[in-house]
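# An overview of the molecular structure
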Amino acid sequence: MENTVFSKPVPVVPVRGSVVFPHTDSLLSFGRPKSIAAVDAAYQDDRIIAIFTQREANQPDPSLSDLHPIGTLVVITQMMTTDGEIHAMVRGQHRVRLTETLSEEPYLVARVEELTEDHFDDTEVEAMSNRLVDLFRKAVNLGKSVEITTIMRILSQHTDVVELVDSVAAVLEIKTEEKQLLLEELSVKKRLEKVLEFTTHEVSVLELERTISVKTQKRFDDQMKKSILRERKHAIEQELGENDDDEDDVSEYKSKIRKAKMPKAVFDKAMKEYKRLSNMSPHNPETGYIRNYLDWLCDMPWSVITPTKVSVEKAGQVLDHDHYGLGKAKERILEFLSVMKLKEDLHAKDAKKHEDMGAHPTILCFVGPPGVGKTSIGKSIAKAIGREFQRVSLGGIRDEAELRGHRRTYVGALPGRILQGIKNAGTRNPVFMLDEIDKLGMDYRGDPSAALLEILDPEQNKEFSDHYLEVPFDLSQVMFICTANVLDTIPGPLRDRLEIIRFAGYIEEEKFHIAQKYLWPKQVKVNGLNQKNISISDEALRDVVKNYTREAGVRELERIIATICRKVAREVAANPKLKIKVAVTDLQKYLGPRKFSSQILGKSDEVGMSTGLAVTSVGGELLFVEVALMPGSGKLTLTGQLGSVMKESAKAAFTWTRAHAEELGVDKNFLKTIDVHVHVPEGATPKDGPSAGVALTTALVSAVTGIPVKRDVGMTGEVTLRGRVLEIGGVKEKVVAAHRAGLKTILLPKDNEKDMEDVPENVKKDIQFKFYDNVVDVLETALTRDPFAGVAKKKSGKPSFVTAA
Ligand code: ADP
């Protein structure tokens, strides 16, 4: 890059705490004698000066070496003098670098070179600059303060990219050093990227501020509004001569408190608060807080109980009516209800015994990927036993106060989510679903899982204390049901309380039936259609299941069916006589091209690539393992989505392969001359675990022997250093995912044979299962040729040594 020297000596003016950019107008004030002299001199001459930012803002009289080496050449467009200060409007021209010091007295003079910027427009730059304009507009709308002329220049369509980036950079709320770095960046594209990053950050901060201020403002407005209205009401009533009904208003609480049928201790507390309220001037702002508190106390269902009569037979019918399949889950739920019923019957006979046993000592917990019907089966349970249903999501809760409420001294305090749910239910024995307990957080604000333990413990929840309510509430009659996507993030003590029921996900056939019997009729109705206007062929529905969704549950499927119904509803609205039967050929029209193709079909067997099976938070998934060899020195590189346990598995696989090189017919020295790269691409992030061992070993052995892996063979299992294949978890989820992807053979650890009873019959028909306890046997099946064939040393399949790697 050629930089042309700006030949004339230029007066240099240092600035502190800001950076002047080319293409921007800035108003600068100078007070230091040297600066005033420099600006004055330039203004008499060609009005050009060079502005450089000081490295240290507190340096009173900087010399040229105290300045950043890159600055901006500017033209002074206007100047004004007030007592002792000069104010100059300057317009930035170019980036310049100091090259030679000419004099330091009476003001700084230097020779500078103009820097050429590295810039060419491409579509990426164009896209990024459009994005920058959008973000800038958003920032301004969110209240970023910028001069109107600058806003207009930046938002005008014709601004050149270089000018745009510098103009935005000049108004960013960032540190001076960061601005200086932006000035020094000569690649426009890189500068654009950084400015975009800063602007994005600024927008998110502004958004956050806006949300916070809207919330506080609202709270404040509400309080304000109430007190103004009360004041007005008071004035009107005085005019009408009915001025003492504030008292009535207050005394209403007395009857409300009586009606709420509170326990004695709560009643006393409520009366005490009531007395405080009645002795207070109505203008005292604290009355608002007391009223709010009394409202909560009176609205809690202290003595409201929905009478339940559990009939297990009826419950079975309701569950079957509302849900397809899920046989095992339903069975476990019915068992649970039977136990509950027995206890209730016992209770009817002998209340004391019941107390000893606790109401429902275990809590049901439904574990499975999203959309498999956990919530909806919870609702069915409530329906089956005739109770109210409430649901609260605990995902992302880090603060214990979310569960237990804030103390009343806290502005805008409310009870926690548990008691809010109970109030909404209006009874103290609802079915209460606590969603996403695997996503509870924990930090310095207290551990919400400890509070949850108390909530779920029938010994303790009889007297559940909420910080806001201050008086205990009896939760022992509530039937809590928890849900989670995965088990391993649930804290141990909490897990011990739970009776886990797994929902592994549906296979294609089940999804088809769910869609046909439940989702389709439901969406037809929701969208204002009926069976006469619209129908869908079985083939089309199967096509939707297979080619437009790839998920363990049916949530996306339901959304897609809703899309079809909405589009048909529009056609029907235009022509009410229309009768539409959706066929396979119409899907393209309603839904666009197919979204998914098989992950396996049509792909060939490859060297160094195996198909593993994993469990993620959205259910089972295929996990492709890739291994590549490069010239090197026997090193192992791991990239992609490998957690720490999976990395250990990869290292173990590497050790095993090296130890068995000879048996595999691979020259030991060959392995010293290559580096091995293991990569796990694509797909949702798997839960970290050792179960990828078999897939890792297979891909590695395939890479070093050059024998391809059969693409339609899925495998899972932990491998020890000695090559033993150990039991793993999540068999059903993995098998369901393999079935969805069209795998034909699945290799599993021998110890997992017992899990086969959970695998649906339909899957067993389509997939061949093979069980192994040694990785040597796995390799013989998974690779297209036996890697040990032809090697005399091949032993019984159980090699007896491990050499140090
Ligand atoms: P989750 O709580 O597991 O995320 P939902 O209960 O919200 O899933 O289920 C999503 C949708 O799928 C709901 O409309 C539900 O009724 C439907 N659904 C899921 N499984 C079944 C099933 N086995 N039979 C009928 N409908 C089902």
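Residues numbered from 1 in each chain as written. Predicted model: local features only at pLDDT ≥ 70, side-chain atom pairs only at ≥ 80, totals over all residues. Heavy atoms only, no water.

## So, the overall build of the chain
The helix and strand inventory of the chain stands at 27 helices and 24 strands. Relative to the globule expectation of 28 Å for 805 residues, the C-alpha radius of gyration of the chain, 36 Å, shows a markedly less compact shape. Reported as C-alpha extents along the three principal axes, the dimensions of the chain are approximately 110 × 105 × 65 Å. Put simply, the chain has 805 residues, and 48% of those count as buried. The contacts of the chain with a sequence gap of at least 6 include a subset with a gap of at least 24, amounting to 73%. With 114 positive and 120 negative side-chain charges, the chain shows a spacing of 6 Å between the two charge centroids. (Helix = DSSP H or I, 4+ residues; strand = E, 2+ residues; numbered from the N terminus. Rg over C-alpha atoms; globule rule 2.2 N^0.38 Å. Buried < 20%, exposed > 50% of the residue type's maximum accessible area, 1.4 Å probe, protein only. Contact = heavy atoms within 4.5 Å. Lys, Arg positive; Asp, Glu negative; His and termini not counted. Charge placed at Lys NZ, Arg CZ, Asp CG, Glu CD.)

## Quick look at unusual backbone geometry
A negative phi angle is the norm for most residues apart from glycine, just as the trans form is the norm for most peptide bonds. Note that the residue after Glu105, namely Pro106, is joined by a cis bond; omega there is -10°. Relative to the helices and strands, Pro106 resides in the loop between β5 (85-103) and β6 (109-114). Of note in the backbone geometry, His23 takes a positive phi value of approximately 70° without being a glycine. Judged by relative accessible area, His23 falls into the buried class, the value being 19%. Here Glu470, not a glycine, exhibits a phi torsion of approximately 70°, which is positive. Structurally, the position occupied by Glu470 is in the loop between β10 (464-465) and β11 (472-473).

## Comments concerning the sheet that holds strand β7 (residues 363-367)
Reading across from one edge, β8-β9-β12-β7-β13 is the order of the five strands in this open sheet, with parallel pairing throughout. Edge positions in the open sheet fall to β8 (389-393) and β13 (498-502), since each of these has one partner strand only. On average, adjacent strands in this sheet sit at an angle of 25° to one another, irrespective of strand direction. Bridge count for β7 against strand β12 (residues 479-484) is four bridges, and the pairing is parallel. When the bridges of β12 are listed, Phe366 appears paired with Thr483. (Pairing = 2+ DSSP bridges. Axes fitted to C-alpha atoms, helices over the stretch in contact; angles between N-to-C directions.)

## Overview of the site of the ligand
Around the ligand sit 20 residues in total, of which Gly371, Lys374, Thr375, Arg555 and Glu558 are the nearest. Interatomic distance of 3.2 Å between a backbone N/O atom of Gly373 and an oxygen atom of the ligand. Within the side chain of Thr375, one N or O atom sits 2.5 Å away from an oxygen atom of the ligand. Look at the ligand: alone it shows 560 Å² of surface, and the protein chains cover 89% of it. Secondary-structure elements contributing two or more residues to the shell around the ligand are α13 (374-384), α18 (508-526) and α20 (555-574). The greatest single-element share of the shell around the ligand, amounting to four residues, is contributed by α18. Its residues placed into classes, the shell around the ligand shows 10 nonpolar, five polar and five charged. (Near = heavy atom within 4 Å. Polar contact = N/O pair within 3.5 Å; in protein donor to acceptor, adjacent residues only side chain to side chain. Areas by Shrake-Rupley, 256 points an atom, 1.4 Å probe, with all protein chains shown as cover. Nonpolar A, V, L, I, M, F, W, Y, C, P; charged D, E, K, R; others polar.)

## Thoughts on the packing of helix α10 (residues 312-322) against α13
α13 packs onto α10 with a crossing angle of 145° between their chain directions and a minimal axis gap of 9 Å. Here α10 and α13 pass one another in a crossing that is right-handed. Two secondary-structure elements touch here, α10 through Lys314, Ala315, Val318, Leu319 and Asp322 and α13 through Ile377, Ser380, Ile381, Lys383 and Ala384. (Left-handed = near helix turned anticlockwise from the far one by under 90°.)

## What to know about the environment of Lys175
Mapped onto the secondary structure, Lys175 falls in the loop between α4 (161-170) and α5 (176-184). Take Lys175: its relative accessible area is 55%, and that puts it in the exposed class. When the C-alpha positions of Lys175 and Ser633 are compared, they lie 46 Å apart, and in sequence the two are 458 residues distant.

## Concerning the packing of aromatic side chains
Two aromatic rings, taken as a pair, are described by how far apart their centres are and by the angle between their planes. Under the defined criterion, the tally for this structure stands at four aromatic pairs. Seen from their ring centres, Tyr293 and Tyr468 are 5.7 Å apart, and the 65° between their planes marks the pair as edge-to-face. With Tyr293 in helix α9 (residues 286-299) and Tyr468 in the loop between β10 and β11, this pair connects stretches of sequence that are 175 residues apart. Relative to Phe503, the ring of Phe366 lies with its centre 5.2 Å away and its plane at 50°, an arrangement referred to as tilted. Of this pair, Phe366 sits in strand β7 while Phe503 sits in the loop between β13 and α18, and the two are 137 residues apart along the sequence. Each member of the pair, Phe366 as well as Phe503, carries the same accessibility label: buried. Of note, Lys423 hangs over the ring of Trp296, and the distance from its end group to the ring centre comes to 4.1 Å. Above the ring of Phe512, the side-chain terminus of Arg542 is found at 3.8 Å from the ring centroid. (Phe/Tyr/Trp six-rings, centres within 6.5 Å; stacked < 30°, edge-to-face > 60°. Lys NZ or Arg CZ within 6 Å of the ring centre and 35° of its normal.)

## Points about the pattern of salt bridges
Opposite charge on two side chains permits them to pair, given that their charged atoms come into close proximity. In total, this model carries 48 salt bridges according to the counting rule given. A salt bridge links Asp268 to Lys264, with the shortest nitrogen-to-oxygen separation between them at 2.7 Å. Residue Asp268 and its partner Lys264 are located together in helix α8 (residues 264-278), separated by four residues, close to a single helical turn. Among the charged side chains, a network of salt bridges with common partners joins Lys269, Glu273, Arg276, Glu286, Arg408 and Glu470. (Salt bridge = Lys/Arg side-chain N within 4 Å of Asp/Glu carboxyl O.)

## What to know about the confidence of the model for the chain
On average, residues of the chain carry a pLDDT of 85, and 92% of them reach 70 or more. Below a pLDDT of 50 lies the segment residues 792-805, which in the model reaches 23 contacts outside its immediate sequence neighbourhood of four places, other chains included. (pLDDT = per-residue confidence, 0-100.)

## A closer look at the side chain of His323
One can find His323 in the loop between α10 and α11 (327-349). Within the structure, His323 has its side chain in polar contact with the side chain of Ser376 (distance 2.6 Å). Residues within four places of His323 in sequence aside, it is in contact with Lys330, Gly373, Ser376, Ile377, Ser380 and Tyr518.

## Looking at a nonpolar patch on the surface
Together, Phe220, Met224 and Ile228 give the surface a local cluster of nonpolar side chains, amounting to about 290 Å² of exposed area. Along the chain, Met224 falls in helix α6 (residues 188-239). (Patch = residues over 30% accessible without salt bridge, like charges linked within 9 Å, V, L, I, M, F, W, Y side chains within 5 Å.)

## Describing the sheet that holds strand β18 (residues 636-640)
Two orientations exist for strands paired in a sheet by backbone hydrogen bonds: parallel and antiparallel. Strand order across the open sheet formed by seven strands is β18-β19-β17-β16-β20-β23-β24, with mixed pairing between neighbours. Whereas interior strands pair on both sides, the edge strands pair on one side only; in this sheet they are β18 and β24 (768-772). Strand-to-strand twist of the sheet, defined as the mean angle between neighbouring strand axes without regard to direction, takes the value 30°. Across two bridges, the pairing between strand β16 (residues 609-616) and strand β20 (residues 713-715) is parallel.

## Overview of the pairing of strand β19 (residues 674-680)
Of all seven residues in β19, five are buried, a share of seventy percent or more. Inspection of the sheet shows strand β17 (residues 619-631) paired to β19 by six bridges, in the antiparallel sense. What sits directly across from Met630, in β19, is Asp675. Where β18 meets β19, five bridges bridge the pair, whose relative direction is parallel. Bridge pairing links Leu638 to Val678 in β19.

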